[in-house]
Amino acid sequence: MRGVWTADQVRAAEKQLAERVPETTLMYRAAFGVAIAATELLREHRGRVSGTRVALLVGAGNNGGDALWAGAFLRERGVRVDALLLAPDRAHPAGLAAFRAAGGSALDASTTTAGSVAARADLVIDGIVGLSAHGPLRPSAAALLEHVTAPILAVDLPSGVDPATGEVTGAAVSAARTVTFGGLKPGHVLGAGADHSGHVEVLDIGLTAALGEPDLSLVDASDLARAWPVPGPDDDKYSQGVVGVAAGSAVYPGAAVLVTSAAVRATSGMVRYAGPAADVVRDHWPEAIVTGTVADAGRVQSWTVGPGIGTGDSGRDVLRQVLRAGVPTCVDADAITLLAQNENLWDERDPDTPLVLTPHAGEFARLVGPVRADRVASVRRAAATFDAVVLLKGKTTVIAAPDGRVLVDQARGSWAATAGSGDVLSGLIGALLASGLDPWLAAGYAAAMHSSAAELAARGAPIGASALSAAIPAAIRRARRLD
Ligand SMILES: NC(=O)C1=CN([C@@H]2O[C@H](COP(=O)(O)OP(=O)(O)OC[C@H]3O[C@@H](n4cnc5c(N)ncnc54)[C@H](O)[C@@H]3O)[C@@H](O)[C@H]2O)[C@@H](O)CC1
Ligand SMILES: [K+]
């Protein structure tokens, strides 16, 4: 997993390090990394380094200091570098002195020539603001940015993106690449921040070891490859976990088919379907064992309940029976609405039974009120409140455990925003729960595999949920590097 650390954690690590390493050394290392990345981008876009033009957008703090030092390094490579100072009186003094000594030219960003300097650049380095950013770009920086056509290399974070939430509420830098220090920050991986950051490169600069436990984690392909359950030599159909699916209705049999399809494809265990869509499910998935009711379903190691069951009496009965079953359960769609509308249903739950709730924003609002701008904090709170894993769907999917651990899955597109896509996700989660995976990991791995399957299925064109489900085997093969 890849860790993500908050600005406070980075500052604490820096403080710890300050006893051994002078601040300027850290800045020097950071700036050197920025300069290397700049030369790579120049080569990529202009085919050369020497003789090109770089403009630095320099704010009032150490982020601007990094940019100025990077500018000094670039001067040594024969680059013409202009620093546009957004707060000339507060530009990092040592950085500015080093930059000027290296032959860099600095000018007040409010002068009329600043715009044309920004427009002529082959590459722009964004040192406007970093870890201490609040709110969108100030108007002067936003106006300057309007002139830029060249690729932008962001120092630490793209300016205008909230470092803590990834939120973009106004003008913000859209970087081709971001060089950050110590570890990823929430602003790189959450919400719009992920798109604004471009390709993110993490430089250790000596900070990484001092960062401690990450605040959030990202699932990467190697986690999926290692943890995705595949049958071993001693496995049989029962040993890998039996998934129960309580979904669909006579009116909505499609949800039942989609949940079952994902559960069948995710793992090699057995799938039992229980509900009024039994005949339709059997027609599509003869390998599923179907029954009319949860009570008749037989033993399972997990349940997925909710999609298409309706929010009336019959849906309520289904949910009640599943919650009483005492096995890990993925609670999705109508089952979430039922829990929101009937508080007494919570009493049916065995307190030792792990639940995974998978709301979209509307269902989340029904449960606990609207999702706040700080989505991670909202989901963390909900997980603690319900003593359940809560997975909030979106392009950025946030998965919180009751103990505060948070996983994030950032989809590379929005192809999964299609009807029935959530049914596929809940089938995947059910299968991983049945295999015995920790419920928080089960939800996180399922979300990552789901977005990978969506990307593979779409390859640039819209898809439906059936195609998404059909791409699950290809996504598993890709994660296991078998394709
Ligand atoms: N923390 C660390 O360990 C290291 C930090 N370094 C750099 O230091 C940066 C943090 O520096 P600082 O704490 O001095 O702060 P910044 O450079 O992030 O911000 C400076 C000031 O800009 C103002 N500001 C806030 N939001 C703004 C906005 N939207 N538009 C314009 N101005 C805004 C604030 O007055 C803020 O104090 C990091 O992002 C990184 O680039 C590196 O030099 C290396 C090590
Ligand atoms: K920046």
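Residues numbered from 1 in each chain as written. Chains lettered and ligands numbered in written order. Predicted model: local features only at pLDDT ≥ 70, side-chain atom pairs only at ≥ 80, totals over all residues.

Peer 1: Account for the overall build of the protein, naming residues and giving values.
Peer 2: Secondary structure assignment for the protein yields 19 helices and 18 strands. Its C-alpha atoms give the protein principal-axis dimensions of roughly 80 × 45 × 40 Å. Within the protein, the proportion of its 483 residues that are buried is 57%. (Helix = DSSP H or I, 4+ residues; strand = E, 2+ residues; numbered from the N terminus. Buried ≥ 20, exposed ≤ 12 C-beta atoms within 10 Å, placed from the backbone.)

Peer 1: Give me the lowdown on the site of ligand 1, citing residues and values where you can.
Peer 2: Taken together, 28 residues sit near ligand 1, with Gly 61, Asn 62, Asn 63, Gly 130 and Ser 132 positioned nearest. Elements represented by at least two residues in the shell around ligand 1 include exactly helix 1 (7–18), helix 2 (23–46) and helix 3 (62–76). No other element matches helix 3, which puts four residues into the shell around ligand 1. Its residues assigned to classes, the shell around ligand 1 shows 14 nonpolar, nine polar and five charged. (Near = placed C-beta within 6 Å. Nonpolar A, V, L, I, M, F, W, Y, C, P; charged D, E, K, R; others polar.)

Peer 1: Could you give an account of the sheet that holds strand 3 (residues 80–85), naming the residues involved and the relevant values?
Peer 2: If you walk across this open sheet you meet the seven strands as 4-3-2-5-6-7-8, and the pairing is parallel. A strand with exactly one partner marks an edge of an open sheet, and here the two such strands are strand 4 (105–108) and strand 8 (199–203). Going across the sheet, the axis of each strand differs from the next one's by a mean of 20 degrees, ignoring polarity. Sheet analysis places strand 6 (residues 152–155) next to strand 7 (residues 177–181), joined by three bridges and oriented parallel. Considered in strand 7, the bridge of Val 155 is made with Val 179. The strands touched by helix 2 within the sheet are strand 2 (53–58), strand 5 (123–127), strand 6, strand 7 and strand 8, with strand 7 carrying the most contacts at an inclination of about 165 degrees. Running at roughly 135 degrees to strand 3, helix 5 (residues 113–120) makes contact with strand 2, strand 3, strand 4 and strand 5 of the sheet. (Pairing = 2+ DSSP bridges. Axes fitted to C-alpha atoms, helices over the stretch in contact; angles between N-to-C directions. Contact = placed C-beta atoms within 7 Å.)

Peer 1: Talk me through the packing of helix 3 against helix 4 (residues 93–101); I want residue IDs and the actual numbers.
Peer 2: For the pair helix 3 and helix 4, interaxial distance at closest approach is 8 Å and the crossing angle is 15 degrees. On the basis of the axis angle, helix 3 is roughly parallel to helix 4. The crossing of helix 3 and helix 4 is left-handed. In this structure, helix 3 uses Gly 64, Gly 65, Leu 68, Trp 69, Gly 71 and Ala 72 to contact helix 4, whose residues at the interface are Gly 95, Leu 96, Ala 98 and Phe 99. In terms of residue class, the contact of helix 3 with helix 4 is built from six nonpolar, four polar and no charged. (Parallel < 35°, antiparallel > 145°, perpendicular 65-115°, else oblique. Left-handed = near helix turned anticlockwise from the far one by under 90°.)

Peer 1: Residues and numbers for the packing of helix 2 against helix 3, please.
Peer 2: Axis separation between helix 2 and helix 3 bottoms out at 8 Å; the angle between their running directions is 60 degrees. Here helix 3 runs oblique to helix 2, going by the angle between their axes. Judged by the sense of rotation from one axis to the other, the crossing of helix 2 with helix 3 is right-handed. Listed contacts from helix 3 to Met 27, Tyr 28, Ala 30, Ala 31, Phe 32, Val 34, Ala 35 and Ala 38 of helix 2 are Asn 62, Gly 65, Asp 66, Trp 69, Ala 70, Phe 73 and Leu 74. Grouping the amino acids of the contact of helix 2 with helix 3 by side-chain chemistry returns twelve nonpolar, two polar and one charged.

Peer 1: Outline the sheet that holds strand 1 (residues 2–4), supporting the account with residue identities and numerical values.
Peer 2: One open sheet accounts for eleven strands, arranged 1-9-18-17-16-15-14-13-10-11-12; its pairing is mixed. Because the sheet does not close on itself, it has two edges, and the strands there are strand 1 and strand 12 (289–291). Within the sheet, the average angular offset between the axes of one strand and its neighbour, ignoring direction, is 20 degrees. Strands strand 10 (242–246), strand 13 (302–305) and strand 14 (329–331) of the sheet are contacted by helix 12 (residues 313–324), whose axis makes an angle of about 160 degrees with strand 13. Packing of helix 17 (residues 439–458) onto the sheet brings it into contact with strand 15 (355–357), strand 16 (389–392), strand 17 (396–400) and strand 18 (406–410), and relative to strand 18 it is tilted by some 5 degrees.

Peer 1: I'd like to hear about the nonpolar core, residue by residue, with values.
Peer 2: Counting residues in each nonpolar core, the largest one holds 172 residues, and the members touching the most others are Ala 38, Leu 84, Ile 125 and Val 356. By residue number, the principal contributor to this core is helix 17, which donates twelve residues. Both of domain 1 (2–216) and domain 2 (221–479) provide at least three residues apiece to this core. Discounting residues that sit within four places of it in the chain, Ile 125 has contacts with Val 34, Ala 38, Val 54, Leu 56, Leu 57, Ala 67, Ala 70, Leu 153 and Val 155. (Core = buried A, V, L, I, M, F, W, Y, C linked by C-beta atoms within 7 Å. Domains from an automatic or database assignment.)

Peer 1: How would you summarise the confidence of the model for the protein if you had to cite specific residues and measurements?
Peer 2: Averaged over the protein, the pLDDT score is 96; the fraction of residues at 70 or greater is 100%. Confidence estimates for the predicted assembly give a pTM of 0.94 and an ipTM of 0.97. (pLDDT = per-residue confidence, 0-100.)

Peer 1: How would you sum up the UniProt feature "domain: YjeF C-terminal" (unreviewed entry) in the protein? Please name residues and give values.
Peer 2: Under the UniProt annotation, "domain: YjeF C-terminal" (unreviewed entry) lies at residues 220–479. The straight-line gap between the two end C-alpha atoms of residues 220–479 is 9 Å; of that span, 45% is helix and 14% is strand. (UniProt positions renumbered as here; feature names shortened; annotations may be inferred.)

Peer 1: Lay out the environment of Asp 195 with the relevant residues and their values.
Peer 2: In this fold, Asp 195 is placed in helix 8 (residues 191–197). For the pair Asp 195 and Ala 176, spaced 19 residues apart in sequence, the C-alpha separation works out to 9.5 Å.

Peer 1: Give me the domain arrangement of the protein: which residues, what numbers.
Peer 2: Partitioning the protein into structural domains gives domain 1 (2–216) and domain 2 (221–479). With nine residues of domain 1 at the interface, the matching set in domain 2 holds eight residues. Taken together, the elements giving at least two residues each to the side of domain 1 that touches domain 2 come down to helix 7 (186–189) and helix 8. Its residues placed into classes, the side of domain 1 that touches domain 2 shows six nonpolar, two polar and one charged.

Peer 1: Which residues make up the environment of Ala 194, and what are the values?
Peer 2: Inspection of the secondary structure puts Ala 194 in helix 8. For Ala 194, a count of 20 C-beta atoms within 10 Å corresponds to the buried category. Along the chain, Ala 194 and Ala 141 lie 53 residues apart, while their C-alpha atoms are 21 Å from each other. Ignoring any residue separated from it by four or fewer positions in sequence, one finds Ala 194 in contact with Gly 166, His 188, Val 189, Thr 396 and Gln 410.

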